[in-house]
Amino acid sequence: MGYELSKEQMNEILSQLKEDYLIYAPKCFQDGGRFSDTDCIRYGEINKIEEIVFDKKAEYSFKEVLLPISQTLFYFTEDSVKEADAPKQGAIVFLRSCDLHSVKRLDEIYLRNGFSDYYYQRLRERVVFVLMGCQTAFDSCFCVDMGTNQSNEYDMSIDRSENGYQLDCKSNQLEKLLSQYATNNLSVTPAYVTETKTRVNIPSNLSYQIGNSNMWREYDTRCINCGRCNFVCPTCTCFTMQDIFYTDNEKAGERRRVWASCMVDGYTDVAGGASYRQKNGDRMRFKVLHKVLDYKERNGYHMCVGCGRCDDICPEYISFSHCINKLENGMKEVMEHE
Amino acid sequence: MNKNEYIPFLSEIVEVIKHTEIEYTFRMAYDGEVKPGQFFEVSFPKYGEAPISVSGIENGCVDLTIRRVGKVTNEVFEKYVGDKLFLRGPYGNGFDVDDYKGKEIVVVAGGTGVSPVRGVVDYFAKNASSRKDMSFIAGFKSKEDILFEKDFEFWRESMNVVLTLDAGEETKEHKIGLVTKYIPQLKLKEVKEAVAIVVGPPAMMHFSVLALLELGLQEDNIWISQERKMCCGIGKCGHCKIGNQYVCLDGPVFRYTQGKHLVD
Amino acid sequence: MDMNTKSLKKNAFRVTKERGITASRVRIPGGRMEAKYLSLIQEIADTYGNGTVHITVRQGFEILGIPFDKIDEVNKLLQPIIEGMGINQQNGGSGYSAAGTRNITACVGNTVCPYACYDTTAFAKKMEVAIFPNDLHFKVAFTGCSNDCGKVRMHDFGILGMTVPQFEADRCISCQACVKACAKKSVQALSFVNNRPQRDESKCIGCGECVLSCPNMAWTRSKKKYYRLTLLGRTGKKNPRLGEDFIKWADEESIIKIVKNTYDYVKEYIDVNAPGGKEHIGYIVDRTGFEEFKNWALKDVKLPEIAEVTHRIYWSGIIPK
């Protein structure tokens, strides 16, 4: 059901929702940028609808809501373990179509792929998604080519309109709340883009043989293995376990998991000192193929959702989409040498 | 809500077997189902977890052979019989002895790679009638690095055992040279039907498989076990993924036909 | 030919080797200007000078080869530049009012450079307004970060930008990029404890390398900007030396006040017989003792709580032989 609400009405709804939910949306952290006197757009809790940044892309994705960057799993002593409590409130997440598509990828890994993840599941069950319509694509977006430019899997959608906000609601619970304020019953379709400036072509013959191409060697020196591309990615799901021992009681501590990056040193280290993929170009290849080859082999659809954040964040101006577009020539190169 | 796989359970150390200065087997109380080649995530105080493969299965116990590498596992070496360790698992697919029953079997293992195959070798030592001829080629760096030394005596009784050291002097018990030196010398009766298991460091596995193929074994009849950084053990953390396979879920045991395409 | 060289110099013209020929010294405070002023400088050089301009060490343009009798006309043409730079002036159209205190220089600053911790030109211009025009020989320079690309430690007052790194533990992914960056590029103020970086506040120089290297915004900059104030570096014949740290974690207001206070101090203690009425502040401090200088400099200054003042400074420097 579609609604149009004023800013004031939206804020009244938000304040009601805040009783049961933490509300996360892309917002501006003023002077919170990496460089002096710059802002950072990323996810944070909001109180007012006008805090949501609609006209810029969040540098980091919403995934930290479902996969906390650092998450305590349990507390331990020498002979006992106590599971960490779940957060008391559910979460409402405002996100764009590409990100909403990435939820499916996170679910694939964390709810399926062998085991269901207890900690993910207990957060996931209490998350409500609000789709933010996209009037236009940003320069680095390539969602159309990845087939993620449109989504119907939302609980509610939101678009800015002349008089406030237009919403399409699919959730009964939210519907009840909205109908208290509804000024109109409209037919609302969330805005979505149908073309992007950045285009990608994933060659149909792409195979692991691409690993033999010289194309990766360029990244050996260009890439600085900082991992930013992984941390901003809404579909990267890796983590590392850590045991922390309290300084005042060395026998007690906690086990937590923190985000990990396949680009960063240490990711593949095994006991005894061996490690795999030491060259940055090989790490790049591992990441790129995960996004556009092996994940699909396993799950039937590409992992990459084309949000373009990895392009935007790279301090060395390495473009992921540009790399994808080199795969075709890379395949030609390795097939010639067969 | 599904089970919280991350919460470990306490398991008592039933016995400690010292193989070398740095390699011990901890026999841990465990009475669930488990297969050789599977692994447990063992919590090491002050370090965290590490995947340790099951090196033996006894009534109500599993053997975990642990190598003291750096600070990783030192703390465990201070633990003794009666103490407890936190475990999770078993994880991974492990070896299925049914795959090898009724067949001529070759097992090639190097160093700590002997741990995951020990259960298979032991099974077929005790159940010799369930298979045809069997050879076990095991390589260690030196005499001091030999694991399961006593087991080798027992295994020799029912199969062709080649215990080889990288360097040193040949004796009645040990030969000298890499495992790959002894693969071509195997006398297999029905090479097309024979099955093989290869476990060890990456280079050793690579060349051993090539030698077995050279001998005439079928790719589909060779199994390998991959060592990777298995961190969560349940297909979530991503560290052990190679190609489209998760070593912790889909392995660590792979048929060579499946495993050979995996590029790191 | 009659020319009052004192007035000439005060008006920012130079006595050159060639009799009757001078050069006009155009200052660009903070080193940044709109490009349109370049054509005015070109016009002066082509019309009244010899068609050449020297780009000065202190971020100015020296228009060369100007005959004495063209000074008034040059001053008129300089007026839009002087106004455009926001330079305090006693009489419009008469050129610069004083040339003792030197142009305030600045590195490119945070509007361009990722390392810079503040807008160096903006601060330089604020300082300009606070202290110009003045006949006393002061050199003030601004640089964005501890790299000191502005060579501010060769000035009486060097201002280096600082940020107090803010750590949000829950965003840290234990990659140690900050620890490595601090060790390799800065002062090893970070150690890795319990899988997280630990900052040694006494070692930290506020360079911001941790913020720049952090891939996940666990380190961010402080909302407030801070500065390191270095004192009394100098070049020259007698005893060139680098400026020493006076205040770490100072704020903008205090720095302006300290520089202004120093003018009062110099007026009180300058050698009345100093050649040209100019004496490097350092030599005055050598005479009065640092303690006396400090009392004057810090008068009515309210430093931020985290500021660290060096209470005794010893300069080394070079004694040329």
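Quick caveat, the model's predicted, so the values are computed rather than measured.

A. The arrangement of the interface of chain A and chain B in detail. Contacts between the two partners involve 38 residues from chain A and, on the opposite side, 33 residues from chain B. Elements represented by at least two residues in the side of chain A that touches chain B include exactly strand 4 (70-76), strand 5 (81-83), helix 3 (97-111), helix 4 (118-124), strand 10 (239-246) and helix 9 (280-299) of chain A. In terms of residue count, strand 10 of chain A provides more of the side of chain A that touches chain B than any other element does, six residues in total.

B. Representation of the domain arrangement of chain B within the structure. Residues and elements named next belong to chain B. The domain boundaries assigned to chain B delineate domain 1 (9-91) and domain 2 (97-225). The gap between the C-alpha centroids of domain 1 and domain 2 is 24 Å. If you look at the interface, domain 1 gives twelve residues, while domain 2 gives 13 residues. Secondary-structure elements contributing two or more residues to the side of domain 1 that touches domain 2 are strand 4 (48-58) and strand 5 (61-67). Ranked by the residues each element gives to the side of domain 1 that touches domain 2, the list is headed by strand 4, at five residues. Classifying every residue of the side of domain 1 that touches domain 2 gives three nonpolar, seven polar and two charged.

C. Molecular detail of helix 7 (residues 252-269) of chain C. All names here are of chain C. Its 18 residues place the ends of helix 7 26 Å apart at the C-alpha level, agreeing with the 26 Å of an ideal helix rising 1.5 Å per residue. When helix 7 is considered as a whole, its buried residues turn out to be Ile255, Ile258, Val259, Thr262, Tyr265 and Val266. In a view along the axis of helix 7, the buried residues occupy a sector of 115 degrees, so they form one face of it. Turned more than 90 degrees off the buried face of helix 7, the exposed positions are Asp264, Lys267 and Glu268.

D. Representation of the packing of helix 2 (residues 36-47) of chain C against helix 3 (residues 71-84) of chain C in the model. All names here are of chain C. For the pair helix 2 and helix 3, the least separation of the axes is 10 Å and the interaxial angle reads 165 degrees. Compared by their axis directions, helix 2 and helix 3 come out roughly antiparallel. Considering how the two elements wind past one another, helix 2 and helix 3 form a crossing that is left-handed. Counted together, Tyr37, Leu40, Glu43 and Ile44 of helix 2 and Val74, Leu77, Pro80, Ile81 and Gly84 of helix 3 form the full contact between these two elements. Each residue belonging to the contact of helix 2 with helix 3 can be placed in one class, and the counts come to seven nonpolar, one polar and one charged.

E. Geometry of helix 2 of chain C. Residues and elements named next belong to chain C. Between its first and last C-alpha, helix 2 extends 17 Å over twelve residues, near the 16 Å set by a 1.5 Å rise per residue. By the burial criterion, the buried members of helix 2 are Ile41, Ile44 and Ala45. Each buried residue of helix 2 lies within a common arc of 95 degrees when the element is viewed along its axis, so the set occupies one face. For helix 2, the exposed residues lying more than 90 degrees away from the buried face are Lys36, Ser39 and Asp46. Structurally, helix 2 contributes buried residues whose contacts are with strand 1 (21-27), strand 2 (53-55), strand 3 (60-67) and helix 3.

F. Spotlight on the confidence of the model for chain B. Residue and element names in this part refer to chain B. On average, residues of chain B score 91 in pLDDT, and 98% of them reach the 70 mark or higher. Within chain B, no element has a lower average pLDDT than helix 6 (residues 256-259), which sits at 89, and none a higher one than strand 11 (residues 195-199), at 97. Here the complex is predicted with pTM 0.93, and the ipTM for its interfaces comes to 0.95.

G. Spotlight on the arrangement of the chains. Between all two pairs of chains that are in contact, chains A and B come out with the most contacts. Left apart from each other, chain B and chain C have a closest C-alpha approach of 10 Å.

H. The sheet that holds strand 2 of chain C, seen in detail. All names here are of chain C. Across the sheet, which stays open at both edges, the three strands sit in the order 1-3-2 with antiparallel pairing between neighbours. With one partner strand each, in any of the chains shown, strand 1 and strand 2 form the two edges of the open sheet. Geometrically, the sheet is characterised by an average inter-axis angle of 25 degrees between neighbouring strands, direction not taken into account. Direction of pairing for strand 1 relative to strand 3: antiparallel, over a ladder of six bridges.

I. Spatial organisation of the domain arrangement of chain A. Residues and elements named next belong to chain A. As far as domains go, chain A holds domain 1 (2-64 + 86-179) and domain 2 (208-240 + 261-336). Taking the mean C-alpha position of each, domain 1 and domain 2 sit 27 Å from one another. On the side of domain 2, 19 residues touch domain 1, which itself brings 23 residues to the contact. The set of elements that each furnish at least two residues to the side of domain 1 that touches domain 2 consists of helix 3 and helix 5 (143-146). For the side of domain 1 that touches domain 2, the element with the highest residue contribution is helix 3, accounting for nine residues. For the side of domain 1 that touches domain 2, the per-class residue count stands at eleven nonpolar, five polar and seven charged.

J. Up close: the pairing of strand 10 of chain A. Residue and element names in this part refer to chain A. The pairing of strand 10 with strand 11 (residues 249-259) spans eight bridges and is classified as antiparallel. Following the sheet pairing, glutamine 242 is matched in strand 11 by arginine 256. Counting the residues in the hairpin turn of strand 10 and strand 11 gives two residues.

Here is what the cut-offs are and how they apply
- Residues numbered from 1 in each chain as written.
- Chains lettered and ligands numbered in written order.
- Predicted model: local features only at pLDDT ≥ 70, side-chain atom pairs only at ≥ 80, totals over all residues.
- Contact = placed C-beta atoms within 7 Å.
- Helix = DSSP H or I, 4+ residues; strand = E, 2+ residues; numbered from the N terminus.
- Domains from an automatic or database assignment.
- Nonpolar A, V, L, I, M, F, W, Y, C, P; charged D, E, K, R; others polar.
- Expected span 1.5 Å × (residues − 1).
- Buried ≥ 20, exposed ≤ 12 C-beta atoms within 10 Å, placed from the backbone.
- Arc of directions from axis to C-beta.
- Axes fitted to C-alpha atoms, helices over the stretch in contact; angles between N-to-C directions.
- Parallel < 35°, antiparallel > 145°, perpendicular 65-115°, else oblique.
- Left-handed = near helix turned anticlockwise from the far one by under 90°.
- pLDDT = per-residue confidence, 0-100.
- Pairing = 2+ DSSP bridges.

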